[in-house]
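# Structural description and commentary
Each chain is listed here by its residues.
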Amino acid sequence: MNFLFVALGGALGAIGRYAISLIPVKTDFPILTLITNILGAILIGFIVGIVSNKDNASDNAVLFWKTGVCGGFTTFSTFSLEAFSLFENKAYLSGSIYIVLSVAFCILGVLLGKKISVLLQL
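Below or above, wherever it landed, is the structure these notes cover. (Residues numbered from 1 in each chain as written. Predicted model: local features only at pLDDT ≥ 70, side-chain atom pairs only at ≥ 80, totals over all residues. Heavy atoms only, no water.)

### Focus: the packing of aromatic side chains
Definition in use: Put simply, two rings from Phe, Tyr or Trp (the six-membered ring, in Trp's case) pair if the centres are within 6.5 Å, and we call them stacked under 30 degrees between planes, edge-to-face over 60, tilted for the rest. Put simply, DSSP marks the helices as runs of H or I at least four residues long and the strands as runs of E at least two long, and each gets a number from the N terminus on. Partly exposed describes any residue whose relative accessible area lies between the buried limit of under 20% and the exposed limit of over 50%, with all areas from a 1.4 Å probe on protein chains only and scaled to the type maximum.
Enumeration over the complete set of coordinates arrives at 5 aromatic pairs. Note on Phe29 and Tyr98: the rings are 5.4 Å apart at their centroids and 80 degrees apart in plane angle, and the pair reads as edge-to-face. One end of the pair, Phe29, is in the loop between helix 1 (2-21) and helix 2 (31-52); the other, Tyr98, is in helix 5 (residues 92-119), with 69 residues separating them in the sequence. In this structure Tyr98 comes out as buried when scored by relative accessible area, which is 0%. Joined through ring pairs, the aromatic side chains of Phe29, Phe76, Phe79 and Tyr98 make up one cluster.

### As for helix 4 (residues 76-88)
The condition that has to hold: In a helix, the anticipated span is given by 1.5 Å times the number of residues less one. This arc is taken over the directions from the axis of the helix to the C-beta atoms. The contact criterion used throughout is that any non-hydrogen atoms of two residues lie within 4.5 Å.
Here helix 4 contains 13 residues, and its C-alpha end-to-end distance of 18 Å stays within 8% of the 18 Å for a straight helix at 1.5 Å per residue. Those residues of helix 4 that sit buried are Phe79, Ala83 and Leu86. The buried side chains of helix 4 occupy one side of the element, clustering within an arc of 60 degrees when seen end-on. The exposed residues of helix 4 that point more than 90 degrees off its buried face are Ser77, Leu81, Phe84 and Glu88. At its buried positions, helix 4 is contacted by helix 2 and helix 5. Positioned one or two residues after helix 4, Lys90 has a phi angle of 65 degrees, which is positive.

Below, the structure is given as structure tokens:
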């Protein structure tokens, strides 16, 4: 049964990621992947914040949201490929900025998500 919750959440996350990738952006900088990863970091921080405040958090809900949705939504493999491609194309400054922004903003996103869950008292 656990696999079903992860699979359903993963499908929802993958659909969300694909929807964001359809936004028409004209830039060589992988901004949509950066945005997706930041949103995913905020979401997982929010989920962890909610679960940490609830003694009776459903294991199935956690599997659905944290492992399924967040796992299907975020794009670490795409991030890695895009960073590698920037360096391969000698766009060293863009590649470095992309890596720093991705790591920094995603860590801040987790913090923000947890803070939001506390503010909403969930």
